[in-house]
Amino acid sequence: MDFESFGDSLANLDFPIEFPGHWINGKWTRYPNSKKLKGSIDPSSGETIIVGSSDKKVYLDAIEAADRSLKKVSQLSLQERIDTIRKMRQALADYQSTVIDCLTVQSGKALWEAQLDLDRSISFLDAFIKNAPSYQETILGPAKLTNVNGSFSLTPIGITMAFLPFSSPVTSFSKYFAAAVFSGCPLVLSPSSHASLSGLLFAHLAERIDLIEGSFGVVFGNFETFKKILSDRRIQAIIYTGSRDHCEAIRKESFGIKGRQLIIQSGGKNSALVHSSADLEDAARCVLLGGFKATGQLCTATSRVFVHKSLIKDFSELISEKVRTLKIGATDQKQSDI
């Protein structure tokens, strides 16, 4: 399935989408004997969006390709790396209607929220591109302080594996991609089984921006297939967002692998505090957004509110009233007011 057909299927809700394979070494690769995955579901309709397949060999092939690309990727100049990030930023902007369709169908985001997520991702990449030269100096700063006459440079750590969450796929991908490219590291992206559409989207965009073969791969699976490959010592960095149990499993699998860096994030009991001097309208609006943005699936979602005793009655009535007026519906039907 080419990118145009992929976009048409999203726009017309023509499911299930054909699974084209995994994006490895700059091409779509199928594995006929791999294990079928649990299908990705449209939360608005319960319809199966796509059914992929995967196994350990898929990941091994992606890591092999990334390993072969490491020397070329690490030798790119800072300007070449910035130009690569700029190309991906432009691809997201050029195909934003497909990006937004992907978010409304896959993640259950309202149109306003999908557009906001995309706009913030593009703004992040713009700022990253603008400030990249200063980032390099900032990172080298502490080392330079130890020897003002010394010569210092950054050395890429190696292959990076990143697990893509379905709740914030565009913002997460933008940060993963920018960080890996800036650092001169090949990136292997493993979407959650619920984020398969986003994985296909980013692979299609990569196909259009002329990356070094093997420097960016997209392999589809779930946490179990992702976990099985973590013993491979060529993986020198892992980025993961998900449950606390999964984060602990990643720590355990990575124990003893010299030099491996982990960036892992799980959920928590994030709280809001309503002070006695608070504006109740603002407080209720912020709590509502914190609790229900991304259908409440964010690690940072508000899960409890501490309210000053003098405001409990008024705040409770106001927040209840606002919850009752929330519009709930199928986000894949292009209803902008949902």
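Residues numbered from 1 in each chain as written. Predicted model: local features only at pLDDT ≥ 70, side-chain atom pairs only at ≥ 80, totals over all residues. Heavy atoms only, no water.

Caption draft 1: Summary view of helix H3 (residues 78-94). Compared with an ideal rise of 1.5 Å per residue, which puts 17 residues at 24 Å, H3 spans 24 Å between its outermost C-alpha atoms and is within 8% of the ideal. Among the structural elements, helix H2 (56-74), helix H4 (96-106), helix H5 (111-146), helix H6 (169-183) and helix H7 (196-207) are those in contact with the buried residues of H3. (Helix = DSSP H or I, 4+ residues; strand = E, 2+ residues; numbered from the N terminus. Expected span 1.5 Å × (residues − 1). Contact = heavy atoms within 4.5 Å.)

Caption draft 2: Here's a closer look at the pairing of strand E8 (residues 187-191). With 5 of its 5 residues buried, E8 lies for the most part within the structure. In the sheet, strand E7 (residues 159-164) pairs with E8 via 5 bridges, with the strands oriented parallel. Each bridged residue has a counterpart across the sheet, and for Leu164 the counterpart in E8 is Pro191. Taking the sense of rotation as the criterion, the β-α-β connection linking E7, H6 and E8 turns out right-handed. Sheet topology note: the E8/strand E9 (residues 216-218) ladder contains 3 bridges and is parallel. By the bridge assignment, Val188 is partnered in E9 with Gly217. The handedness of the E8 to E9 crossover, carried by H7, is right-handed. (Buried < 20%, exposed > 50% of the residue type's maximum accessible area, 1.4 Å probe, protein only. Pairing = 2+ DSSP bridges. Right-handed = clockwise from strand over helix to strand, strands pointing away.)

Caption draft 3: Fine view of helix H10 (residues 280-292). Over its 13 residues, H10 runs 18 Å from end to end, which matches the ideal 18 Å to within 8%, given 1.5 Å per residue. Summarising the contacts, the buried residues of H10 are in contact with strand E12 (270-274), strand E13 (302-307) and helix H11 (312-324).

Caption draft 4: Summary view of the side chain of Ser9. Here Ser9 is to be found in helix H1 (residues 3-12). Excluding anything up to four places from it in sequence, Ser9 contacts Met1, Asp14, Phe15 and Ile17.

Caption draft 5: Spotlight on the packing of aromatic side chains. Tallying each qualifying case throughout the model produces 18 aromatic pairs. Each ring, one from Phe163 and one from Phe223, has its centre 6.4 Å from the other, and the planes form 80°; the classification is edge-to-face. Placement of the pair is Phe163 in strand E7 and Phe223 in helix H8 (residues 223-228), with a sequence separation of 60 residues. In this structure, Phe163 and Phe223 share a single accessibility class: buried. Aromatic ring contacts, followed pair by pair, group Phe124, Phe128, Tyr135 and Phe182 into a single cluster. (Phe/Tyr/Trp six-rings, centres within 6.5 Å; stacked < 30°, edge-to-face > 60°.)

Caption draft 6: Main features of the pairing of E7. The buried fraction of E7 is high, at 6 of 6 residues. Across the two faces of E7 the burial is the same, with Ile159, Met161 and Phe163 and Thr160, Ala162 and Leu164 all buried.

Caption draft 7: Here's a closer look at the confidence of the model for the chain. For the chain, mean pLDDT is 89; residues scoring 70 or higher make up 97% of the total. Looking across the chain, the model is least confident in strand E4 (residues 40-41), with a mean pLDDT of 86, and most confident in E9, with 97. (pLDDT = per-residue confidence, 0-100.)

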